[in-house]
Each structure stands twice: as structure tokens, then as C-alpha cells.
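Spelled out, the chains give:
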Amino acid sequence: MRPTNGKGWLTVCAAGLGISMLLLTDMAEANIFSHDDRRDIRPEDGLSGVGVIVCEDTTRRPTGVLIASPLLPADRNYDVIASAAHVFIGHRGRLTRCRFRPHGSPREAANIVFIESGSHTPYRDRDWHNDWAVAVLDRRLSDGLERLRPRVVDDKAAVALREAGSRFILAGHNGERGPLQMSDDCGPVRKRSSHLNRFDPRVLNHDCDMMPGWSGGPLILRDGGVSYMIAVNSQASNAITHPSGRPYSGNLNPNVAIRVDGRFKKAIDRLLRAGAGAGGTTAKCLVASKDEMPGLPC
């Protein structure tokens, strides 16, 4: 059994930092900073592509989001979502039967047929910053659903954008309950010498209000009338629980999102371009990674 700190937070030591990383498990408490600004997503928010991931062998209902590129044709026979790697890991290993429900609707759900993730073991200390996943759906969902554009924004640039007045949004889902929500009086936070993750530019610390179920939710930048996914929500840091309602403190229990960059961005580009197979053809295959099944026909 994996160790927790008594509040449902899963604890593992982060290599070289001497801190604990806490993945958002289903028993953990919320991270609410000052005033709780979570509210239900409304049609006018342009976030209908945010949805819930439902897998067999687990009661968790984490978050995912439809992504797209304006450079690729929109008539493909599949869709692609982004989320966190630990979303697809259960007590007995990789979850293999999962569906994506856009805006939480079971009637519009599509099967997930392929997953590429940054880590098969995001609970381990060397892999916590690779807690990202990109998944291919077995069909194209409604064109009326809003799809986010992935965008690379490093941690310093993200903070500078916020300080210049740019709007950021975190979308997610409270545990196993609906509806989908957003937190928008928030965004990337500048890391200081005493803050956790201060040495790792691959992740963003943010002060958006959230709780378990928001894992895999997109951290969104609104810029020039376009919504960009710049990171996926992953975890909270440190075994010192942040008391809900108190101001954000980067050395207590900051929220962490994995930036779109490096291998994550390459996986997004590749799967948007070709789906689960070459030439844009989506093969019906088991949910697996290329590393686990090198001979996968898709």
C-alpha cells in the first residue's frame, strides 16, 4: 500500500529536492486559496470540450480536454484529448477500458483507443514531472465542441503574461460529482527561493482553486480571443497541507501543472497529425503505450 499523510495525499520523495509530491487522490482535501472562486462552466465560457474520463476498475472521475491544431484538417475521423498520466493508472496498473465524456455527457462519450504518456510510474520520484498523457478517441466528436490549441509557454513567460493582465483559467471536476467547473481568478505564480519546484522549469506552480477530480484539467491561457492549453493539472506539493481559505503560499502546498513542452508537445503534435496510426488512420487497438507494446499495429 502506498504511504499517505493521513489526509489521503499520496506521498513520494521528489529526487534531489528533499520534498514530498502529492498526487491528487480521491480522498485528498481541496486547495482553496483565499476566496473560493470555483464556479460551474457555462456555455458562454467556450469550454464545452472539457470533459470527464471514466475508466473501468476505478470510481475516479478525473478531467480531460479536447485539443486541436488550426494547421490540420478538421475532417479527421478521430479526436485527441490531453490529461495527466496518473489518470490512467489504477490499483492494478494501467487502466485499459476508458471513455471520454465531453462536458460530462454519457450520451456523447467516445472510447479511448490509444494513450501516450510521459510516465508509466508518475508516483515515483524521478517521474512526477512527466505526469502528462495524450489520448486518441475512436471517433470524431461534434464539431460544436470547443477544442483548445496547445501552446508552449515557459514558466517565466507565463508569470509575466499574468502580471501583464492576461487571463488564465483552470478547468476541472470535483471528485466523482458534477458539474464541471472552472477557476479563473488565478494563474501561474512566480517561484521564489523558498518555494517548492523552484528549480524545475518543466512545471508551473499555480494558485487556482481545485480539489481531487481536477487532475488532468487544462490550465488555459486566453490570448487574442483564442484559448490555449499551456499545461495539465497534476498534483499538489508537500505534506504540509495548505489550510483552505488562507492566502497562497508557495512553500506550503502549491498546485502543480505540467507544461506543454518537450516530449509532451511532440506527442501532442504526432497524435493530432496521425491519430493512433500512420497516415491519420485510427486502428482499433488496446489502450497501451508504444514502450509497453512495441509491435502495436496503431
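See the structure shown above.
A short tour of the structure in this document, coming up.

Cut-offs applied
- Residues numbered from 1 in each chain as written.
- Predicted model: local features only at pLDDT ≥ 70, side-chain atom pairs only at ≥ 80, totals over all residues.
- Heavy atoms only, no water.
- Buried < 20%, exposed > 50% of the residue type's maximum accessible area, 1.4 Å probe, protein only.
- Helix = DSSP H or I, 4+ residues; strand = E, 2+ residues; numbered from the N terminus.
- Arc of directions from axis to C-beta.
- Polar contact = N/O pair within 3.5 Å; in protein donor to acceptor, adjacent residues only side chain to side chain.
- Pairing = 2+ DSSP bridges.
- Salt bridge = Lys/Arg side-chain N within 4 Å of Asp/Glu carboxyl O.
- Disulfide = S-S within 2.5 Å.
- Contact = heavy atoms within 4.5 Å.
- Phe/Tyr/Trp six-rings, centres within 6.5 Å; stacked < 30°, edge-to-face > 60°.
- Axes fitted to C-alpha atoms, helices over the stretch in contact; angles between N-to-C directions.

Digging into helix 1 (residues 155–163)
Next, step 1: Among the residues of helix 1, those classed as buried are Asp155, Ala158 and Val159. Mapping the buried residues of helix 1 onto a view down its axis gives an arc of 95°, with all of them on the same face.
Next, step 2: The opening residue of helix 1 is Asp154, an N-cap whose side-chain oxygen sits 3.2 Å from the backbone nitrogen of Lys156.
Next, step 3: Positive backbone phi, at 105°, marks Gly165, one or two positions downstream of helix 1.

So, the pairing of strand 13 (residues 167–173)
Next, step 1: Within strand 13, 6 of the 7 residues are buried, which leaves the element mostly enclosed by the surrounding structure.
Next, step 2: As paired elements, strand 13 and strand 16 (residues 218–223) share 4 bridges and run antiparallel to each other. In the sheet register, Leu170 faces strand 16, and the bridge partner there is Leu219.

With respect to the pattern of salt bridges
Next, step 1: Scanning the model with the defined rule gives 15 salt bridges in all.
Next, step 2: In this structure, Arg39 engages Asp45 in a salt bridge whose closest nitrogen and oxygen atoms are separated by 2.9 Å. Side by side, Arg39 and Asp45 carry an identical accessibility label, which is buried.
Next, step 3: One salt-bridge network, held together by shared partners, links Asp79, Arg140, Asp143 and Arg147.

Observations regarding the state of the cysteines
Next, step 1: In this structure the tally under the stated criterion is 2 disulfides.
Next, step 2: In this model, Cys55 is linked to Cys98 through a disulfide, with the two sulfur atoms separated by 2.1 Å. Here Cys55 and Cys98 share a disulfide; its torsion about the S-S bond, 110°, makes the bridge right-handed. Taken together, the positions of Cys55 in strand 4 (residues 50–55) and Cys98 in strand 9 (residues 98–102) put the pair 43 residues apart, joining distant regions of the chain. Each member of the pair, Cys55 together with Cys98, is buried.
Next, step 3: Here Cys186 connects covalently by a disulfide to Cys208, the sulfurs 2.2 Å from one another.

Let's talk about the pairing of strand 11 (residues 133–137)
Next, step 1: In terms of burial, strand 11 is largely enclosed, as 5 of its 5 residues are buried.
Next, step 2: Of the two faces of strand 11, the one lined by Ala133, Ala135 and Leu137 and the one lined by Val134 and Val136 are each fully buried.
Next, step 3: As paired elements, strand 10 (residues 110–117) and strand 11 share 5 bridges and run antiparallel to each other. From the neighbouring strand, Ser117 faces strand 11, where its bridge partner is Ala133.

Quick look at the environment of Ser244
Next, step 1: Structurally, Ser244 is set in the loop between strand 17 (226–237) and strand 18 (255–259).
Next, step 2: Distance in space between the C-alpha atoms of Ser244 and Ser34 is 7.3 Å, their sequence separation being 210 residues.
Next, step 3: Setting aside its immediate chain neighbours within four residues, Ser244 contacts Ala30 and Ile32.

A look at the packing of aromatic side chains
Next, step 1: Enumeration according to the criterion identifies 2 aromatic pairs in this entry.
Next, step 2: Look at Trp132 and Phe264: their rings are 5.0 Å apart centre to centre, the planes differ by 15°, and that puts the pair in the stacked class. Of the two residues, Trp132 is situated in the loop between strand 10 and strand 11 and Phe264 in helix 2 (residues 262–274); the sequence distance between them amounts to 132 residues.
Next, step 3: The exposure class of Trp132 is buried, given its relative accessible area of 3%.
Next, step 4: For Phe264, a relative accessible area of 1% gives the class buried.

So, the sheet that holds strand 6 (residues 80–83)
Next, step 1: Strand order around the closed barrel formed by 6 strands is 4-5-6-11-10-9, with antiparallel pairing between neighbours. Across the sheet, the mean angle from the axis of one strand to that of its neighbour is 40°, orientation sign disregarded.
Next, step 2: With 3 bridges joining them, strand 5 (residues 63–67) and strand 6 adopt antiparallel strand pairing. From the neighbouring strand, Ile67 faces strand 6, where its bridge partner is Val80.
Next, step 3: The strands that helix 2 touches are strand 5, strand 6, strand 10 and strand 11; relative to strand 11, the one it contacts most, it runs at about 10°.

Quick look at the side chain of Ser215
Next, step 1: Tracing the backbone shows Ser215 in the loop between strand 15 (203–206) and strand 16.
Next, step 2: When its relative accessible area of 3% is taken as the criterion, Ser215 is described as buried.
Next, step 3: Within the structure, the side chain of Ser215 is placed 3.0 Å from the side chain of His86, a separation counted as a polar contact.

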